Amino acid sequence: MRFPVVSSGANFCRKLKESSSRGRWKEVLSHYREIKQSYIKLSVHSSVVKQGFESFTSVGNSVMDFYAKSGALVSTRDVFNCMKIKDSVSWNIILHAHFNEGAFVEGFDLFIQAREDGFEPNSSRFHGYLIQSGLWSLTSVQNSLLENLFDEIPERDVISWSVMIRGYVHSDDAICALESFKQMVSEFGVEADGQTMVSVLKGCTNLADIKMGKLVHGFIISRGLNYDLFIGNTLVDFYCKCGDVDSAVLAFTEMPCKNIVSWSFMLSGFVHNVKYAEELTLFRSMKRSGLDSDEVTLVNLLSLCKFLGHFRECKLIHSRVIRKGFELNDLAVNSLIDAYTKCNEIDVSSKLFCQIKRPDIVSWSTMISGFTYCGMPDEAISLYQEIFLSLENPNTVTLINLLEACGVSAEVGRSKWAHAIAIRMGLVSDVVVGTAMLDMYSKCGAVEASKRAFDQISTKNIISWSAIIAAYGLNGHPRLNPNSVTILYVLSACCHGGLIEEGLSVFKDMAKNHKSELKLEHYSCLVDLLARSGNVNNALELIKCIPFGMKAGPSAWGAVLSACRNYEDREVSVGAISRVLEMEPSSYAGYLLESNVYASMGSWSDASGMRCLMNERGVEVVCGYSLVRMNNKAYTFNAGDKYHPLSRTFGPVVEQLHSCMRMDMGARLPF
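What counts as what
- Residues numbered from 1 in each chain as written.
- Predicted model: local features only at pLDDT ≥ 70, side-chain atom pairs only at ≥ 80, totals over all residues.
- Heavy atoms only, no water.
- Helix = DSSP H or I, 4+ residues; strand = E, 2+ residues; numbered from the N terminus.
- Buried < 20%, exposed > 50% of the residue type's maximum accessible area, 1.4 Å probe, protein only.
- Contact = heavy atoms within 4.5 Å.
- Areas by Shrake-Rupley, 256 points an atom, 1.4 Å probe, with all protein chains shown as cover.
- Salt bridge = Lys/Arg side-chain N within 4 Å of Asp/Glu carboxyl O.
- Expected span 1.5 Å × (residues − 1).
- Polar contact = N/O pair within 3.5 Å; in protein donor to acceptor, adjacent residues only side chain to side chain.
- Patch = residues over 30% accessible without salt bridge, like charges linked within 9 Å, V, L, I, M, F, W, Y side chains within 5 Å.
- Phe/Tyr/Trp six-rings, centres within 6.5 Å; stacked < 30°, edge-to-face > 60°.
- Core = buried A, V, L, I, M, F, W, Y, C linked by side-chain atoms within 4.5 Å.
- Axes fitted to C-alpha atoms, helices over the stretch in contact; angles between N-to-C directions.
- Parallel < 35°, antiparallel > 145°, perpendicular 65-115°, else oblique.
- Nonpolar A, V, L, I, M, F, W, Y, C, P; charged D, E, K, R; others polar.
- Disulfide = S-S within 2.5 Å.
- Arc of directions from axis to C-beta.

J.: Explain the overall build of the protein chain here, please?
T.: When its secondary structure is counted, the protein chain shows 36 helices and 2 strands. When the 671 residues of the protein chain are sorted by exposure, 42% land in the buried category. The long-range fraction of contacts in the protein chain, counting pairs at least 24 apart against all pairs at least 6 apart in sequence, stands at 53%. Summed over its atoms, the accessible surface of the protein chain is roughly 36,800 Å², and 55% of this surface lies on carbon and sulfur atoms.

Put into structure tokens, the structure is as follows:
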């Protein structure tokens, strides 16, 4: 066996040179003595080998320890590999040698090998090395050491098991957590306590396993733990996140005592499952119970105001945020910015954003998204550029908001610029970013660029497939070969492409082979397809055939009403009008459509009455606009806008397009 004696001597020579150059003469003498001792020990090692004593484990450990302390890791490893019999001391020496020299990955591999060979290295010191090396952040490393420490406990009580289960859940290994719980109860007969059950329920939440969660709930009741406040809160959270709101309400109602967390979980659950009316009722009950709202409760209420578009209520909650001293809370402020934006009060959102001394990346992203939502892509893109003047770095969400803003601006040049940013961030293959990118190009009319963005996505999901199908359909390329889960977008493509027979064929094929997957949206889309083509009676018959449990929504009846206007079917329009008003009393689109239907039939008094009704109910009209790209720049103009600087350029083109559409529609009519 060869030992690199020179490398050990080289280490000492380097130390001698450093100490002498700095004038540390005591260290020079100390290193000189070590050199003499090392060469003596090397001579001893050669004698040990010659006399055959290297087969003794204790002698091998001493020689290995000498090389380890001399910094000769290669020699240490050579001695270790030549040892026929290794004990726990051997393993500890070789492990410490690797970690002391910074060879953390090799040391971790040796630790696993030691465990497989049945030896127990010093786990506490090993834990320290893992933290020092940064390997502790790896989930696999955490679980390995966790199991090691757990196995060393001679008598495991409920606390030991709870820590083990909680560790698995914290490491996103919920399956092992549930297996450990099963082993604890079934094999070892350890009685679970509240802490254990909270961890088990969180594991079920992470897996979104409603069936397993209900079994655990039954176990909790059988053990009499359902009166525990923390378990009750965790049950409410579990059911809400799994979409079973009724069970969440039942669990919440059965709680003997509730705290602010209980109410917050239930409010968040209603928001998560789009149950805004129930959320408002629950908040009123909370106020009657005497509990005061915290920042989480106020954020949940802002979600309700955002959905309903109630600006006045947003201001009331804003005033409460200030009174409670939450105006410096990032969550509350960002939620306020978002809520004001959804109420189309972008000036208030912008003012609130400017008052933040140091906005975080969530604040930047929320404001960029707000400008885009309010049809101000130029401001959104400008704000994105300002991020680089701050200390914040854009993340994936910020990039997606930028891509959406470029899509709204409908400028290919800007879209390519945003695409380049995604490339520099290394996110073009990400499914979320890639899908947003292809949607951006689709809105710019660049279908080929959408296809290239789609091809770059490494792992495509249903949303990315649906987006590319929608891109082709909306840009006049409806002939595709979709799978069953993207039928809705295929039907929409047939609608925009005027492919009546193809759309009917696709729907019939789905009804035959994937009937269980048919949703109300599929029926509504087919109603729209039939109504657009003038088959109003067939569209009504289809509405009557919608299965029990589904009900034709405003989109279906709106399509029928729109067809009545185009084909002047007064009899059907009367029934459709009442349906649309009943379903969406606060939407301006229905009122305008109904007014236009009456106007097209010459019933001007009814048309005027419909607009008066809209004003009486306080329904605001959002003016529609179009985007036209000229000289590589996008221009917006409103419907009927005769004062636009380019109206003389746009006007004749629009009239010509309308004439072509009327001619095309006349050619398609079956009668």
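We are not done yet, so read on.
J.: Help me out: how do you make sense of the pattern of salt bridges in this one?
T.: Side chains that differ in charge, positive against negative, can pair when their charged atoms come close. On inspection of all chains with the given rule, the structure shows 9 salt bridges. Here K306 makes a salt bridge to D338, at a shortest N to O gap of 2.9 Å. On the criterion of sequence distance, the pair formed by K306 in helix 17 (residues 295-308) and D338 in helix 19 (residues 330-342) is long-range, its members being 32 residues apart. We classify D338 as buried; its relative accessible area is 18%. We note a salt bridge from D378 to R414, for which the minimum N-O separation is 2.5 Å. Here D378 is found in helix 22 (residues 377-387), whereas its partner R414 is found in helix 24 (residues 412-424), with 36 residues between them in sequence. By relative accessible area, which is 42% here, D378 ends up partly exposed. Its relative accessible area of 23% is what places R414 among the partly exposed residues.

J.: Is there a simple way to think about helix 5 (residues 88-100) in this case?
T.: Along an α-helix, residues three or four positions apart point the same way, because every turn accommodates 3.6 residues. Look at helix 5: 18 Å from first C-alpha to last across 13 residues, which is about the 18 Å you get at 1.5 Å a residue. Counting buried positions along helix 5 gives 10 out of 13 residues, so the element sits mostly inside the fold. Regarding helix 5, the residues found buried are S90, W91, N92, I93, I94, L95, H96, A97, H98 and F99. Its side-chain oxygen 3.2 Å from the backbone nitrogen of V89, D87 forms the N-cap of helix 5. At the exit of helix 5 stands G102, carrying a positive phi of roughly 85°.

J.: Can you walk me through a nonpolar patch on the surface in this structure?
T.: A cluster of nonpolar residues, V274, F307 and L308, forms a patch on the protein surface that exposes about 290 Å² of accessible area. Structurally, the position occupied by V274 is in the loop between helix 15 (260-272) and helix 16 (276-288). Assessed through its relative accessible area of 52%, V274 is described here as exposed.

J.: Explanation requested: unusual backbone geometry in the structure shown.
T.: Most peptide bonds take the trans form, and the phi angle of most residues other than glycine is negative. Although it is not a glycine, A208 sits at a positive phi angle of roughly 55°. Tracing the backbone through its elements, the reader meets A208 in the loop between helix 11 (194-207) and helix 12 (210-222). Positive phi is not limited to glycine here, since A410 has a value of about 60°. Inspection of the secondary structure puts A410 in the loop between helix 23 (396-409) and helix 24. Looking at A410, the relative accessible area reads 8%, which means it is buried.

J.: Where do I start with the packing of aromatic side chains in this structure?
T.: Two numbers describe a pair of aromatic rings. These are the distance of the centres and the angle of the planes. For the structure shown, the criterion picks out 9 aromatic pairs. Ring centres of F252 and W263 lie 5.1 Å apart, and the angle between their planes is 80°; on these two criteria the pair is classed as edge-to-face. In this pair, F252 is assigned in helix 14 (residues 245-253) and W263 in helix 15, connecting sequence segments 11 residues apart. The exposure classification of F252 matches that of W263, with both residues buried. Measuring from centroid to centroid gives 5.2 Å for F353 and W364, while their planes differ by 75°, and the two rings are edge-to-face. Remark: W364 occurs in helix 21 (residues 361-373) and F353 occurs in helix 20 (residues 346-354); sequence separation between them is 11 residues. Of the two residues, F353 and W364, neither departs from the other in class, the shared state being buried.

J.: Help me understand the nonpolar core in this model?
T.: Soluble globular proteins tend to bury their nonpolar side chains together. Within the largest apolar cluster, 116 residues are counted, with the highest numbers of intra-cluster contacts made by M197, I231, M266, L399, L402, L403 and M437. Apart from residues lying up to four places away in sequence, I231 is in contact with G194, M197, V198, L201, I220 and L225. Of all hydrophobic cores here, the second largest spans 16 residues; its members include V63, F66, Y67 and F99.

J.: Looking at this structure, how should I read the packing of helix 3 (residues 57-69) against helix 5?
T.: The packing of two helices is summarised by the inter-axis angle and the distance between the axes. Viewed as axis vectors pointing N to C, helix 3 and helix 5 meet at an angle of 10°, and their least axial separation amounts to 10 Å. In this view, helix 3 runs roughly parallel relative to helix 5, as classed from their interaxial angle. For the pair formed by helix 3 and helix 5, the contact residues are T57, N61, M64, D65 and A68 on the first element and V89, S90, I93, I94 and A97 on the second. Across the contact of helix 3 with helix 5, the residue classes break down as 6 nonpolar, 3 polar and 1 charged.

J.: Explanation requested: the state of the cysteines in the structure shown.
T.: A disulfide bridge is the covalent bond that connects two cysteines by way of their sulfur atoms. In this structure the tally under the stated criterion is 0 disulfides. The cysteine C343 is free of any disulfide, with C314 supplying the nearest cysteine sulfur at 3.8 Å. Free cysteine C406: the closest other cysteine sulfur is in C444, separated by 7.8 Å.

J.: How should I be thinking about the packing of helix 25 (residues 431-443) against helix 26 (residues 447-455) in this particular structure?
T.: Running from N to C, helix 25 and helix 26 point in directions that differ by 175°, and their axes come no closer than 8 Å. Considering their axes alone, helix 25 and helix 26 lie roughly antiparallel with respect to each other. Across the interface between the two elements, G434, M437, L438, Y441 and S442 of helix 25 pack against A449, S450, A453 and F454 of helix 26. Tallied by class, residues from the contact of helix 25 with helix 26 come to 6 nonpolar, 3 polar and no charged.

J.: In this structure, what is going on with helix 26? I would like to understand it.
T.: All of the buried residues in helix 26 are V447, A449, S450, A453 and F454. Seen from one end, helix 26 has its buried residues packed into an arc of 155°, which puts them on one side. For helix 26, the exposed residues set more than 90 degrees away from the buried face come down to E448 and R452.

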